[in-house]
Amino acid sequence: MVPCEIASEGAELYQFNAEQKVYNIGGVTVGGDVGENPTVMIGSIFHKGDSCVLDEGTGEIDRKMAEALINRVEEQSDRTGLQSMLDIVCSIPGAVRDHLDFCVDATEMPILVDAVSEEAAIKGIEHSEEMGILDRTIFNSLNPHTSKKVLEKIKEAEVRSAIALTYSSEAVASYVERVRLLETLIPRVTEAGVRNILVDTFVMDVPTLGLSCRAIHEVKDRYGYPTGCGAHNAVGSWKSLQREKDQRLKLVCGSVVDSLPIAAGADFVFYGPINGAEYVFAAVGIIDACYGQVQMEWGKRLRPDHPRFKMAGL
Amino acid sequence: MDELIRELREAVRFYDGAAADSAARKVLAADADPVEAIEMGLAAELRSVGERYGRGKVWFLDLMVAAQIVQSAVKILEPEIRKGGAEKRVRGRFLIGTVAGDIHDIGKNIVGMLLLANGFEVIDLGVDVPAETFVEKVEELKPDFLGLSSLLTSSLPELRKVIDALNERGLRDEVNIVLGGAAVTPDYAREVGADVYAEDAVKGVNESIQLTER
């Protein structure tokens, strides 16, 4: 609600036509108006090249190191007020069960089963069901390439939360195509029984991050789904930045990249490996604190652990 | 013709698809040589974008958009080339695809665009392609190169399966095999007898070019 006429001028960035869908997934609130709920920070673990993975063949992990990193993410959440989820990259089918078991024991954060193959997807869903953690599991991701077998497994296991990824070769260079693709994806996702649809507007490099941010606004405006993107891909694919020796430059660029979608109204961001949590949380927390103030002027009472209140004491 | 070539190159350089299509139509209207327009204009500028991408000077999106622009403008020129009985000169025919069990296509698509930029004819079989399909297409299309991509260790055995199947059908020596993707190591590529190990997209394409020049 905008209280006076002057406040509505230029308020488009902060407002959407569609009613915003807000989900509670494993105790984390995702979605809503800009600045209303703390951003959900999604960090990855056990990705290719992760130093926690001791053997990329068997998937053996350094449990102490992984636990310490997960604890650091939780500390950053407490420190900033931002919410967290853990994206488990399931690239080694034989290790999916072990990796899920480990993470479920190590944290109460919601878990994303980031399945890079059909086999890993099936194993991840099956094991989440066996462990009884589907209420805090999000399948990552459903996209135009997702097989019928995976969709059937999602339906059978009653997976309720999933990321819909707006990726196709045609959509890479256009935010309009991303939205169009989502329109075709929604019926497939709902048919699979998914109720909590979170939309990832797909990032490949820096210019596509711009398209992704524009799509975020469009998706929230038209459909109201919680929306975000894998902003950090823009850093990973940036060859000259990867070669850069100045670590501060890398941190500055990484922070801007990971924060940009939040400034554009996103509800969540994939900020890359959890190792980088410390700096990214602070950057994103600033935006939440700023936008939270706009909500306050509009009469919204924010939750007490919102970054609007916690960032001052960082 | 020089002015038209300059126009074509500038359109690609500034990622202006409408300008490239318009320049291609001007080539036809002026009765100028469409093969020269492609080779000296469109392809030359796309090669330049590809080279800059290899050096990390432009984004992936730039390469992709430039390739799309060139493909669109070439489509306008091609009927005239066929009418005249001439042919576009290509460096070789390249069949690419991601093996069965793997649906990742970004790396493969980058390779495809770099190949186009370097004058190859590219036939993309897509993702999750069964070994039998690769073999059938090699037999049917007789490519100079077969590029197989696998990002996942779990789909790595598929690479060997394709090569074994080509051997069984007596087709292995008819085609150069290029292996790439995050799961592939130099040792693995050597072990299965690949002709080129593509450590990354740029190196894979460069080594393939070298093979055509031998």
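Up top is the structure.
These numbers come from a predicted model, not from an experiment.

Thresholds, definitions, all that
- Residues numbered from 1 in each chain as written.
- Chains lettered and ligands numbered in written order.
- Predicted model: local features only at pLDDT ≥ 70, side-chain atom pairs only at ≥ 80, totals over all residues.
- Helix = DSSP H or I, 4+ residues; strand = E, 2+ residues; numbered from the N terminus.
- Rg over C-alpha atoms; globule rule 2.2 N^0.38 Å.
- Buried ≥ 20, exposed ≤ 12 C-beta atoms within 10 Å, placed from the backbone.
- Contact = placed C-beta atoms within 7 Å.
- Expected span 1.5 Å × (residues − 1).
- Pairing = 2+ DSSP bridges.
- Axes fitted to C-alpha atoms, helices over the stretch in contact; angles between N-to-C directions.

Caption draft 1: Geometry of the overall build of chain A. Assigned secondary structure in chain A consists of twelve helices and ten strands. In terms of overall size, chain A behaves like a compact globule, its C-alpha atoms giving a radius of gyration of 19 Å where 314 residues would be expected to give roughly 20 Å. With respect to the three principal axes, the spread of C-alpha positions in chain A is 60 × 45 × 40 Å. By the burial criterion, 54% of the 314 residues in chain A qualify as buried. At a minimum sequence separation of 6, the contacts of chain A that also span at least 24 residues come to 72%.

Caption draft 2: Main features of helix 11 (residues 277–297) of chain A. All names here are of chain A. Between its first and last C-alpha atoms helix 11 spans 30 Å; for 21 residues at 1.5 Å apiece the expected length is 30 Å, and the two agree. Regarding helix 11, the residues found buried are Ala 277, Val 280, Phe 281, Ala 283, Val 284, Gly 285, Ile 287, Asp 288, Ala 289, Tyr 291, Gly 292 and Gln 295. Backbone geometry just after helix 11 places Gly 299 at a positive phi near 90 degrees.

Caption draft 3: Representation of the sheet that holds strand 1 (residues 92–98) of chain B in the model. Residues and elements named next belong to chain B. The strand order across the open sheet built from five strands is 2-1-3-4-5, with neighbouring strands paired in parallel fashion. Each of the sheet's edge strands pairs with one partner strand only, and the pair in question is strand 2 (120–124) and strand 5 (196–198). Put simply, the sheet's adjacent strands are angled 20 degrees from each other on average, direction ignored. The strands that helix 9 (residues 201–213) touches are strand 1, strand 3 (145–149), strand 4 (176–180) and strand 5; relative to strand 5, the one it contacts most, it runs at about 160 degrees.

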